[in-house]
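Spelled out from the first residue to the last, the chains are:
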Amino acid sequence: MKITVALLAGVTLLLLGCEKNNKEPEYTAYTSIAAGTRFSLAVKTDGTLWAWGQNEYGQLGDGTKADAVDPKQIGAGFVSVAAGNDITLALKLDGTLWTSGRYYMPGT
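Whenever I open this one, the packing of aromatic side chains confuses me. Can you help?
The geometry of two aromatic rings is summed up by the distance between their centres and the angle between their planes. Inspection of every chain in the model, using the stated rule, returns 1 aromatic pair. On the numbers, 6.2 Å between centres and 75° between planes, the contact of Phe78 with Trp98 is edge-to-face. One end of the pair, Phe78, is in strand β7 (residues 78–83); the other, Trp98, is in strand β9 (residues 97–101), and 20 residues separate them in sequence. Taking relative accessible area as the criterion, Trp98 reaches 48% and is therefore assigned partly exposed. Above the plane of the ring of Phe78 lies Lys92, whose end atom (NZ or CZ) is 5.0 Å from the centre. Above the plane of the ring of Tyr57 lies Arg102, whose end atom (NZ or CZ) is 4.0 Å from the centre.

Structure, rendered in structure tokens:
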């Protein structure tokens, strides 16, 4: 398997391509990506939020605690995503901030 990653200069646009079984790679454009501890997140250019990886604390945001080997769509209308150890923070187009996973409170 061959994976191609490219970042276009001057814009936040990441293209990921995965070539399997000697077939042409398929490319997808993202506007935001993030990685937590053993999980990853991405917002496609169409505003959909995708997540995959470990989900012990519900950090994938799909309402379960089941791990996801393949990317799964979590929602739509997102512009940016960030991740911590076991937490996801995703900003929607309407300005609301969505969170999922294990929350850390300083001093506790």
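This is not the end of the story, as more comes after the structure.
Any chance you could explain the sheet that holds β9 here in plain terms?
Picture the strands of a sheet paired through backbone hydrogen bonds; they go either parallel or antiparallel. Across the sheet, which stays open at both edges, the 3 strands sit in the order β7-β8-β9 with antiparallel pairing between neighbours. Strands at the two margins of the open sheet, each flanked by one partner only, are β7 and β9. Going across the sheet, the axis of each strand differs from the next one's by a mean of 20°, ignoring polarity.

For this particular structure, what's the right way to read the pairing of strand β8 (residues 87–92)?
Within a regular beta strand, the side chains point alternately toward one face of the sheet and then the other, so they alternate between its two faces. Inspection of the sheet shows β7 paired to β8 by 5 bridges, in the antiparallel sense. Note on β8: the bridge partner recorded for Phe78 is Lys92. With antiparallel pairing between neighbouring strands as the criterion, β7 and β8 make up a hairpin whose turn holds 3 residues. Bridge count between β8 and β9: 5 bridges; the pairing is antiparallel. Following the sheet pairing, Leu89 is matched in β9 by Thr99. Where β8 folds back on β9, the antiparallel hairpin that results is connected by 4 residues, among which Gly95 adopts a positive phi of roughly 90°.

Is there a simple way to explain unusual backbone geometry in this structure?
Across the chain, the bulk of peptide bonds are trans and the bulk of non-glycine residues have phi less than zero. Even without being a glycine, Arg38 presents a positive backbone phi close to 65°. Along the chain, the position of Arg38 falls in the loop between β3 (26–35) and β4 (39–44).

Rules used in this analysis
Residues numbered from 1 in each chain as written. Predicted model: local features only at pLDDT ≥ 70, side-chain atom pairs only at ≥ 80, totals over all residues. Heavy atoms only, no water. Phe/Tyr/Trp six-rings, centres within 6.5 Å; stacked < 30°, edge-to-face > 60°. Helix = DSSP H or I, 4+ residues; strand = E, 2+ residues; numbered from the N terminus. Buried < 20%, exposed > 50% of the residue type's maximum accessible area, 1.4 Å probe, protein only. Lys NZ or Arg CZ within 6 Å of the ring centre and 35° of its normal. Pairing = 2+ DSSP bridges. Axes fitted to C-alpha atoms, helices over the stretch in contact; angles between N-to-C directions.

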